[in-house]
Every structure is written in C-alpha cells, then in structure tokens.
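Structural overview for review
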Amino acid sequence: MNAILTEIISILYYALIAFLVVLIIYNMIKTKDWKKEIVYVIILIPFLLRLFMLK
Amino acid sequence: MDRKDIIRKSLIGVAGLVVMTVAGISFYQHRHYKEEVVISDQVQVKKLADYFPELSGSVNDCNIYMVEGSEPGATIMVLAGSHPEEPAGRLAGWILVEQAKMQKGRLIVVLSTNRSGTTVTRPSGAYPQLYTIPTAWGGQKFRMGDRWTNPLDQWPDPEVYIHYPSRQNLAYMDIRNLNRAWPGRANGTLTERTTFAFMNLIKQEKVDVVIDLHEAELQYPVINTIVTHEKGQDLATMASMTLTDFEGFSIGTEFSPVNLHGLSHREIGDNSDAISLLLEAPEPFLDATRGITGEKQLLEGKDAFVVKAGKHGLLYAPIDENGWPIATRVGRHTSTVLQILQSWNEFHPEKEIVCEGVPKYKELIEKGVGAFLIDPKTVDKGKVIFE
Ligand SMILES: [Zn+2]
C-alpha cells in the first residue's frame, strides 16, 4: 500500500514538472523583454534535467 | 512577434539547451560510471536481491562480496557506503575485498550499501563527481556520492519523516537516509526496502557482527569512535582500548542511545542476533565551515577554515595544517575492523575469525591507499566486478 502510494505521488510530481515546463516555455515565447527570456531559460534548465531524469 | 524576436528567442533557447545538455551529460556519466573491483578466488559475489527478490533490477540491488576461509568460524559483515559521501569507508571496503585472505570464518563486505546514494552528489554542494586515488599503475577512479538516496530513485520527501516501526519523527530528508531507515520494511520506500533486504541477509547468513563504516564532520560530537549496541559493549571497549594502546591512534567507544531509532547500531542489534557497531572517522570535507569542496580537500583533508574553527573551540576532533589525509582515515577503519575481529576471537575462541593480508593504519599511512588497489587490467575479465 505504502509503495503504491509513493509511486502515485512520484508520478504526480513528474506531471507537475511537465506542466511547469510548458508554462515556462509559454511565458518565454510571450514576453517581449529579452532579459526575462534569459531568466525563463535559466529557470527551465533544472526542470528539464529533472523531467529527463538526469538530476 | 516579428522575425527579430524569433531569432533572439531561438538563440537564447539554444544557448539554454546547450548548457542543459552539457550538464545533463556530466550527471548521466557520473550516475553510470563503473567502478572496478578485483576479486580473488576466495571471493564469491552475490546480489542483495538474493535476500529480497523484489529489489531485483533496482539501483540498490548491490553486490555482496563473500570472502570465505577454508576453516569454519564467525561471520562478520562490513557495510561501506551507507553514506556514500564518506569515501574512507568505501575505500577501506575496497581494500578488504581485494586484499583479505581468510583463514577461518567468513567476511561479508558491501561497498555500495546505499548504491543510489553513490550516483548523485549534494545539490549546490559543488562536490567533485569522481575522485582518483593515485596508484603505481595510473590511478583508480571512484564515484563521490551523497548522504541520501538519489532523489531520482525516491521522491518526493514528506513534511516529516516518521520512522517505521518506532514512529519517531525525523527530519524530512532523512526518509532517504539509509542510516535512519533500519530495520526497513518490505513495502516501504526504496531506502526502507534496502535495509529490509539487509536484515534478511543478516538473519539468513547468521551474521555475528555488523560493522557500519562512516565518516563525520569535525563539528559533530560522534567522531573517532566506535558506536556500539549494548550487545557489543565488551567487544567495542576491548577493541578501542587495544587500538589506542598499540596502533598509535586514539578511538573511543560510545553506546548506542536506546531511544534513537533507524540507525544501524540500534536496529540491527535489536532486530537480529548480530552485534551492531558503527565506526566514525574524521572527514573535514563535511564540515559546514570548510573551504572549497574539491577533490584535493576530499583526499588530503586539509582546510584552513576548519583549522580556524578548531582554534575557536568548535570541533570535537583535532585538526592542524596536516589535515586528515584519506590514507589516515582509511587506515583507522581497516585497523579497527581487524582489531574487532581479534577482540571477537578473545571472547569466542570456539568460533574464531582469522583474516590476513589487510594493511593496518601505519602501513596505509606509509604506502598510501593506492598501494592496496589492484590493477583491473592485470587480471582475468571474470575477476573484475563493477560497482
Ligand atoms: Zn555517515
């Protein structure tokens, strides 16, 4: 029971990351400010590394 | 969005992707780096999943090295890598596996007790991913690890970690700390399933003594000591007295607190017939006030900031400009393990364990750790095992 619950929470966690990745990319495309574009890309890196299970 | 915007956004995006790819490749290579272990004819290699099949195929299905003598005797198990950011324990384990020649009894060695923790370093810690022990044949590389199970293998953490079965409340991240997850459970987290498998191993193989190898920051009060379960008080006290008298270094004894749960020195002793002991060597790399956390500091144990902390009376172990080199720390562990075997024999002459070939403290300081690592290129392929 415990293991299954943990598994479900883990999957939800990755779904949450994927959602945030989409959100960050959307904002990066929408913004007109190049400084914000850089910030969005920097923020995106750790989320992508986690989504691809690299770190 | 005009053409100019598209070009700018694309360039920034590609730059980010390049950074991510470079970082990703280095993380991937660290996680999948294969450390080599050379085994003799006396060594039989089993897997942890042999004692708990549900662990099969998981990152924590580690190797179990069984070094067996021709004559029967006691079974002693050495756990290295419970905390993979404490390298002296793993290196001492490597020397035991590659050098031990058992006359009597059986030595069981685990080099990656929490294998998942060996595949990651502390986030924002700027740790080296690999470190090299110099040898006459060019050096051997090892993975630096973390104190906790890799978040890729067990995540997320809860608000509070409630230890099973004591229900003691512990810090949230310690749900991934293998030395807070004993005795574990079959349907728990990866870390709990790992300790559960080890408990099965200890019972099935009728292990007499478990020795868990650790290192600690100098600002931590439990250091340069043998922590013992009450069943091992005579053994630990005898070993620490003999070491302090004859080996040229001092080591104390501490008793495992009865109400502190999840630790190997408490739970293995409580939940099996084995005596459980835990050894702590000093690792300035772990101190909060240390300088650069590079490979040099890791191996030489020299740190001006930690020395300064010592001058302010903030440390529980001495340190000067000579630091705590890795050979000294590994030597403390090998000598203490050998002395525990010796002291065991004094208490149990009917069930002895006799081990030869393992270098002690003085020999390690004189020749260095690398002198006792075997070149994998000089042996048969079948004699090289990967961690
Ligand atoms: Zn430790």
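So, a few notes on the structure that sits alongside this text.

Rules behind the numbers
- Residues numbered from 1 in each chain as written.
- Chains lettered and ligands numbered in written order.
- Predicted model: local features only at pLDDT ≥ 70, side-chain atom pairs only at ≥ 80, totals over all residues.
- Heavy atoms only, no water.
- Helix = DSSP H or I, 4+ residues; strand = E, 2+ residues; numbered from the N terminus.
- Rg over C-alpha atoms; globule rule 2.2 N^0.38 Å.
- Buried < 20%, exposed > 50% of the residue type's maximum accessible area, 1.4 Å probe, protein only.
- Contact = heavy atoms within 4.5 Å.
- Axes fitted to C-alpha atoms, helices over the stretch in contact; angles between N-to-C directions.
- Parallel < 35°, antiparallel > 145°, perpendicular 65-115°, else oblique.
- Left-handed = near helix turned anticlockwise from the far one by under 90°.
- Nonpolar A, V, L, I, M, F, W, Y, C, P; charged D, E, K, R; others polar.
- Buried area = accessible area lost by both parts, 1.4 Å probe.
- Salt bridge = Lys/Arg side-chain N within 4 Å of Asp/Glu carboxyl O.
- Polar contact = N/O pair within 3.5 Å; in protein donor to acceptor, adjacent residues only side chain to side chain.

**Looking at the overall build of chain B**
- When its secondary structure is counted, chain B shows nine helices and 15 strands.
- At 21 Å, chain B has a C-alpha radius of gyration in line with the 21 Å of a compact globule built from 387 residues.
- If one aligns the C-alpha atoms of chain B with their principal axes, the spans along those axes are about 85 × 50 × 50 Å.
- When the 387 residues of chain B are sorted by exposure, 59% land in the buried category.
- When contacts within chain B are restricted to residue pairs at least 6 apart in sequence, those whose partners lie at least 24 apart make up 74%.

**Considerations on the packing of helix α2 (residues 87-99) of chain B against helix α8 (residues 326-347) of chain B**
All names here are of chain B.
- Their axes nearest at 9 Å, the elements α2 and α8 cross at an angle of 55°. It follows from the interaxial angle that α2 and α8 lie oblique. Pair α2 / α8 crosses with right-handed handedness. Each of P87, A88, G89, L91, A92, I95 and L96 in α2 lies in contact with α8, whose residues at this interface are I326, R329, V330, H333, T334 and V337.
- Its residues placed into classes, the contact of α2 with α8 shows nine nonpolar, three polar and one charged.

**Some details on the interface of chain A and chain B**
- Taken residue by residue, the interface counts 23 residues in chain A and 21 residues in chain B.
- Counting the surface lost from both chain A and chain B, the interface buries some 2,100 Å², and carbon and sulfur atoms represent 67% of this.
- Remark: the boundary between chain A and chain B carries two salt bridges.
- Close ionic contact of E37 of chain A with R8 of chain B constitutes a salt bridge, the shortest N to O distance being 2.7 Å.
- For the pair chain A and chain B, the interface holds seven residue pairs in polar contact (both at pLDDT 80 or more).
- Residues belonging to the side of chain A that touches chain B are distributed by class as follows: 16 nonpolar, three polar and four charged.

Just geometry here; none of it tells us what the structure is for.
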